Amino acid sequence: MKIKIGVINSKGGCGKTTIAINLSVAISNQSIKTVLIDADPNQGALFWFKKRNKNNLSNYLKATSLNKLKKIENFECSIYDCPANMKDKKIKDIISQCNYLIIPIQASIFDQTATKLFLELIKKLKRIRKGKTDLVFVINRYKKRSQIFKKLDTFLLSYKIKPLCKFSDRAVYQLLSADGKSIFDVNHKSIYDLKNEWINLLDFLRAK
Ligand SMILES: Nc1ncnc2c1ncn2[C@@H]1O[C@H](COP(=O)(O)OP(=O)(O)OP(=O)(O)O)[C@@H](O)[C@H]1O
Ligand SMILES: [Mg+2]
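Values in this document were obtained by computation on a predicted structure and should not be read as measured data.

(A) Region of interest: the environment of Trp 198. Tracing the chain through its elements places Trp 198 in the loop between helix H8 (189–196) and helix H9 (199–206). The spatial distance from the C-alpha of Trp 198 to the C-alpha of Val 138 is 9.8 Å, given a sequence separation of 60 residues.

(B) Broad picture of the sheet that holds strand E4 (residues 77–81). With respect to topology, 7 strands assemble into an open sheet ordered E3-E2-E4-E1-E5-E6-E7, the strand pairing being parallel. With one partner strand each, in any of the chains shown, strand E3 (61–65) and strand E7 (165–168) form the two edges of the open sheet. On average, adjacent strands in this sheet sit at an angle of 25 degrees to one another, irrespective of strand direction. Pairing of strand E2 (residues 34–38) with E4 involves 5 bridges; the strand directions are parallel.

(C) Representation of the pairing of strand E1 (residues 3–7). Bridge analysis of E1 against E4 gives 5 bridges, and the strand direction is parallel. Within E4, the position partnered with Ile 3 by the bridge is Cys 77.

(D) Molecular detail of the site of ligand 1. For ligand 1, the set of nearby residues contains 19 residues, the closest of which are Gly 12, Lys 16, Thr 17, Thr 18 and Ala 84. For the shell around ligand 1, the secondary structure elements donating two or more residues are helix H1 (16–28), strand E6 (134–142) and helix H7 (171–178). Of all the elements, H7 adds the most residues to the shell around ligand 1, at 4 residues. Taken together, the residues of the shell around ligand 1 break down into 6 nonpolar, 8 polar and 5 charged.

(E) A look at unusual backbone geometry. Of note in the backbone geometry, Gln 43 takes a positive phi value of approximately 60 degrees without being a glycine. Residue position: Gln 43 is located in the loop between E2 and helix H2 (44–54). On the basis of neighbour counts, which here come to 17 C-beta atoms within 10 Å, the residue Gln 43 falls in the partly exposed class. Of note in this structure, Arg 141 is not a glycine but carries a positive phi near 60 degrees.

(F) Up close: the packing of H1 against H2. For the pair H1 and H2, interaxial distance at closest approach is 10 Å and the crossing angle is 40 degrees. On the basis of the axis angle, H1 is oblique to H2. Viewed along their axes, H1 and H2 form a crossing whose handedness is right-handed. The residues of H2 that touch H1, namely those facing Thr 17, Ala 20 and Ile 21, are Gly 44, Ala 45 and Trp 48. Taken together, the residues that form the contact of H1 with H2 break down as 4 nonpolar, 2 polar and no charged.

(G) How the structure looks around the environment of Leu 194. Mapped onto the elements, Leu 194 comes out in helix H8. On the basis of neighbour count, Leu 194 is assigned to the partly exposed category, with 17 C-beta atoms found within 10 Å. Leu 194 sits 187 residues away from Val 7 along the chain, and the two C-alpha atoms are 19 Å apart. Not counting residues within four places of it along the chain, the set of residues in contact with Leu 194 comprises Ser 168, Arg 170 and Ile 183.

(H) Structural context of the pairing of E3. Bridge analysis of E2 against E3 gives 5 bridges, and the strand direction is parallel. Considered in E3, the bridge of Ile 37 is made with Thr 64. With H2 bridging E2 and its parallel neighbour E3, the resulting β-α-β unit is right-handed.

Calculation criteria
Residues numbered from 1 in each chain as written. Chains lettered and ligands numbered in written order. Predicted model: local features only at pLDDT ≥ 70, side-chain atom pairs only at ≥ 80, totals over all residues. Helix = DSSP H or I, 4+ residues; strand = E, 2+ residues; numbered from the N terminus. Pairing = 2+ DSSP bridges. Axes fitted to C-alpha atoms, helices over the stretch in contact; angles between N-to-C directions. Near = placed C-beta within 6 Å. Nonpolar A, V, L, I, M, F, W, Y, C, P; charged D, E, K, R; others polar. Buried ≥ 20, exposed ≤ 12 C-beta atoms within 10 Å, placed from the backbone. Parallel < 35°, antiparallel > 145°, perpendicular 65-115°, else oblique. Left-handed = near helix turned anticlockwise from the far one by under 90°. Contact = placed C-beta atoms within 7 Å. Right-handed = clockwise from strand over helix to strand, strands pointing away.

Here you go:
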């Protein structure tokens, strides 16, 4: 089956690009022909991929901007890195195509408020109402000892949301992305715990 995944939330800076690029490497590392589609006019994911390509890091992974999408070959897995701005009609088109939407949420009250509005917005879309697109929630920039995550749990519970993963807040995500890399390019014991945090999501997608 061809799988199309949108990484999306109208809250800016919640981790969409970071999750999209790491996921694209994790999936393409399984010899699955994968395309990372940068739907954000800022083109951060594409910039990351160009760095990556210079270092010959990708075999099964390609990247393109959304407007060049028609020119590319068939892929088994497409991952859309969506912009925060949801007004664009193109974004609704993306949602209408995706089998899965990965929705990163951070803990702050601003993230909660924005995510609430985002959920209200997408629940109006037919495809979401009919359950044709699965919503997959992931907590991003998780900090074990921070009380704010208790408040986030309460928020999620009120929406009956069970997040699939918690991705820790670790500077290595920023360091690696600056070099066109992901945590799945590095084999070092300091990163094993971070990789483990992705297992639920990768298993969930693998089962589809
Ligand atoms: N788990 C993490 N640990 C540490 N830093 C992170 C993590 N996730 C994201 N970041 C950092 O947070 C910042 C915002 O992340 P990112 O650009 O992925 O968010 P975004 O949702 O794509 O933003 P935008 O809405 O502007 O497209 C970046 O500097 C990124 O490196
Ligand atoms: Mg982004």
